[in-house]
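# Working through the structure, step by step
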Amino acid sequence: MSAPTRTNFPGAGALRETGRLFALGLDVIRLLPKRPFQFREFIQQCWFIAGVTIMPTALVAIPFGAVIALQLGSLTEQLGAQSFTGAASVLAIIQQASPIVTALLISGAGGSAICADLGSRKIRDEIDAMEVLGVSPVQRLVVPRVLAAMLVAVLLNGMVSVVGVLGGYFFNVILQGGTPGAYMASFGALARLSDVWIGEFKALIFGFIAGVVAAYRGLNPPPGPKGVGEAVNQSVVVTFLLLFAVNFIITLLYLQIFPAQRL
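Every value quoted in this text rests on a predicted model; they were computed, and no experiment measured them.

## Here's the deal with helix α8 (residues 224-257)
The end-to-end C-alpha distance of α8, which contains 34 residues, comes to 49 Å, matching closely the 50 Å that a straight helix rising 1.5 Å per residue would cover. Burial in α8 covers these residues: Gly227, Val228, Ala231, Val232, Ser235, Val236, Thr239, Leu243, Asn247, Ile250, Thr251 and Tyr254.

Here is the structure:
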């Protein structure tokens, strides 16, 4: 009797890759408390990721806040509810726009650099050499990079929130003739501290996802230098898809736990 063969059903490859990606994420969480912690590598990665993302993030935050403020200002004016422009625009920036902008730039700039670095190490057999020497590549290389992406994402999210809110205030009050007092009063009446925390929590989760996906594709590139470029492109695309899906789930759960306030 012939030996049984493994059945390759449609989508088996994608399912296998998804399982390996989740396994890497669990390995990162499992190795977080393990010593020795690569503190120097962590600081270097934080400095590098912040250096390549802080300026683009600040520049993107201004038009994001402006567009949200102008659109909501025009809509509330048509509805006769100009006094709620501040609350609507600020909450949209803090809860949705700020974490998404931060995560996209962390993935596009920092994550692509992480993937390219690990991919180049992989094709030069440095990763295999570390495994032969008994050194865990996940603990030595992946954990500091994922933690750096998470920390920088949280810090950048705070900066984007401030810049976006100030930009929205300027464009609504100066260009659309809004009332400064009504803008701030509506924000103070409807906003909650949990809105800020959910934005920071999203940034933390998005930074983790961006770091894990970039590390996974970097550790598993197609052969050759061309494969590293393909892995970088795949890491950015996969991260974008996961970010929007996870953002939907977190937002849905948040609105179920903390229903919107009623006036």
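## Considering empty space enclosed by the protein
Take a probe with the size of a water molecule and roll it over the atoms, and the empty space left behind shows itself. Inspection of the entire model under this criterion finds one cavity of 30 Å³ or more. Computed from the structure, the largest cavity encloses a volume of approximately 30 Å³. Elements with a contribution of two residues or more to the lining of the largest cavity: α2 (39-79), α3 (85-123) and α5 (137-175). Tallied by class, residues from the lining of the largest cavity come to five nonpolar, three polar and no charged.

## Some thoughts on the packing of helix α7 (residues 193-219) against α8
Running from N to C, α7 and α8 point in directions that differ by 150 degrees, and their axes come no closer than 9 Å. It follows that α7 is roughly antiparallel to α8 by the angle criterion. As α7 packs across α8, the resulting crossing turns out to be right-handed. For the pair α7 and α8, the contacting residues are Ser194, Asp195, Ile198, Phe201, Lys202, Ile205, Phe206, Ile209, Ala210, Val213, Ala214 and Arg217 in the first and Ala231, Gln234, Ser235, Val238, Thr239, Leu242, Leu243, Val246, Asn247, Ile250, Thr251 and Tyr254 in the second. Per-class residue counts for the contact of α7 with α8 are 15 nonpolar, six polar and three charged.

## Looking at the pattern of salt bridges
Inspection of the entire model under this criterion finds eight salt bridges. Notably, a salt bridge pairs Arg140 with Glu41, separated by 3.6 Å at the nearest N-O pair. Taken as a pair, Arg140 in helix α5 and Glu41 in helix α2 lie far apart in primary sequence, 99 residues in all. A salt bridge links Asp117 to Arg145, with the nearest nitrogen and oxygen atoms 2.7 Å apart. With a gap of 28 residues between them, Asp117 in helix α3 and Arg145 in helix α5 connect regions that are remote in the sequence. One network of salt bridges, with partners in common, ties together Glu41, Asp117, Arg121, Arg124, Glu126, Arg140 and Arg145.

## Re the nonpolar core
Membership of the largest hydrophobic core comes to 38 residues, with the highest contact counts inside it found for Ile49, Ile106, Leu118, Val138 and Val142. Of all the elements in the fold, those that place two or more residues in this core are α1 (12-31), α2, α3, α4 (126-132), α5, α7 and α8.

## Side note on the layout of surface pockets
Roughly 370 Å³ of internal volume is contained in the largest pocket. Considering the residues around the largest pocket, the lining is formed by 18 residues, among which Phe22, Gly25, Phe208, Ile209 and Val212 are closest to the centre. Classifying every residue of the lining of the largest pocket by side-chain character gives 17 nonpolar, one polar and no charged.

## Things to note about the environment of Met159
Within the secondary structure, Met159 is located in helix α5. Relative accessible area serves as the criterion here: at 23%, Met159 is assigned to the partly exposed category. Met159 sits 61 residues away from Ser98 along the chain, and the two C-alpha atoms are 8.7 Å apart. Each residue touching Met159, except ones within four places of it in the same chain, is listed here: Ile54, Thr57 and Ala58.

## Quick notes on a nonpolar patch on the surface
Where nonpolar side chains cluster on the molecular surface, the patch consists of Phe248, Ile249, Leu252, Leu253, Ile257 and Phe258 and spans about 620 Å² of accessible area. Its place among the elements puts Phe248 in helix α8. Judged by its relative accessible area of 57%, Phe248 is exposed.

## What about unusual backbone geometry?
Residue Pro36 follows Arg35 across a cis peptide bond; omega there is 5 degrees. Mapping Pro36 onto the fold places it in the loop between α1 and α2. With phi around 65 degrees, Asp125 is a residue other than glycine that occupies positive phi space.

## Describing α7
Taking 1.5 Å as the rise per residue, α7 with 27 residues should run 39 Å; its terminal C-alpha atoms sit 39 Å apart, in good agreement. Summarising burial for α7: 20 of the 27 residues are buried, a large majority.

## Observations regarding the packing of aromatic side chains
For the coordinates displayed, the defined rule picks out two aromatic pairs. On the basis of an interplanar angle of 55 degrees and a centroid distance of 5.9 Å, the ring pair of Phe37 and Phe42 is categorised as tilted. Of the residues examined, Phe42 reaches a relative accessible area of 13% and is grouped as buried. Ring geometry for Phe39 and Phe42: centres 6.4 Å apart, planes at 45 degrees, overall tilted. Taken as a pair, Phe39 and Phe42 lie in helix α2 at a separation of three residues, close to a single helical turn. Here the aromatic residues Phe37, Phe39 and Phe42 are joined through ring pairs into a cluster of three or more.

The rules we used
For every chain, the first residue of its written sequence is number 1, and the numbers climb from 1 along that sequence. Residues qualify for local features only when their pLDDT is at least 70, as the model is predicted, and side-chain atom pairs are given and counted only at 80 or more; totals for whole chains, interfaces and linings, by contrast, use all residues. The basis for every side-chain value is the complete set of heavy atoms in the structure, and neither hydrogens nor water enter the calculation. Numbered from the N terminus, helices here are DSSP runs of H or I no shorter than four residues, and strands are runs of E no shorter than two. Take the residue count of a helix, subtract one, and multiply by 1.5 Å to get its expected span. Think of it in three bands: residues with accessible area under 20% of the maximum for their type are buried, residues over 50% are exposed, and the middle band is partly exposed, with areas taken using a 1.4 Å probe on protein chains only. The definitions used throughout rest on a 1 Å grid laid over the protein atoms alone, on which a cavity is an enclosed set of points accommodating a 1.4 Å probe that cannot get out and a pocket is an open set flanked by protein within 12 Å on both sides along at least five of seven lines; lining residues are those having an atom within 4 Å of a point. Grid points are joined across faces, edges and corners, and a volume is the space filled by probe spheres set on the points. Note that Gly is not counted as nonpolar here; it falls among the polar residues with everything else outside the nonpolar set of Ala, Val, Leu, Ile, Met, Phe, Trp, Tyr, Cys and Pro and the charged set of Asp, Glu, Lys and Arg. Axis definition: a line fit to C-alpha positions, over the contact stretch in the case of helices; interaxial angles, taken between N-to-C directions, run 0 to 180 degrees. Our angle categories are set so that under 35 degrees counts as roughly parallel, over 145 as roughly antiparallel, 65 to 115 as roughly perpendicular, and the remainder as oblique. What makes a crossing left-handed is the near helix being turned counterclockwise from the far one by less than a right angle; a clockwise turn instead makes it right-handed. Here, two residues are considered to be in contact whenever any of their heavy atoms come within 4.5 Å of each other. Definition used for salt bridges: Asp or Glu carboxyl oxygen within 4 Å of a side-chain nitrogen of Lys or Arg. Working definition of a nonpolar core: buried Ala, Val, Leu, Ile, Met, Phe, Trp, Tyr and Cys residues. They are joined through side-chain atoms within 4.5 Å. Here, patches come from residues exposed beyond 30% relative accessible area and free of salt bridges, joined within 9 Å for like charges and within 5 Å for nonpolar side chains (Val, Leu, Ile, Met, Phe, Trp, Tyr). All accessible areas in this document rest on Shrake-Rupley with a 1.4 Å probe, and a residue is counted as covered only by the protein chains that are shown. Only rings of Phe, Tyr and Trp enter the pairing, Trp through its six-membered ring, and a pair is recorded when the two centres are within 6.5 Å. The plane angle decides the type: under 30 degrees is stacked, over 60 is edge-to-face, the rest tilted.

That's the geometry; what it means functionally is another story.
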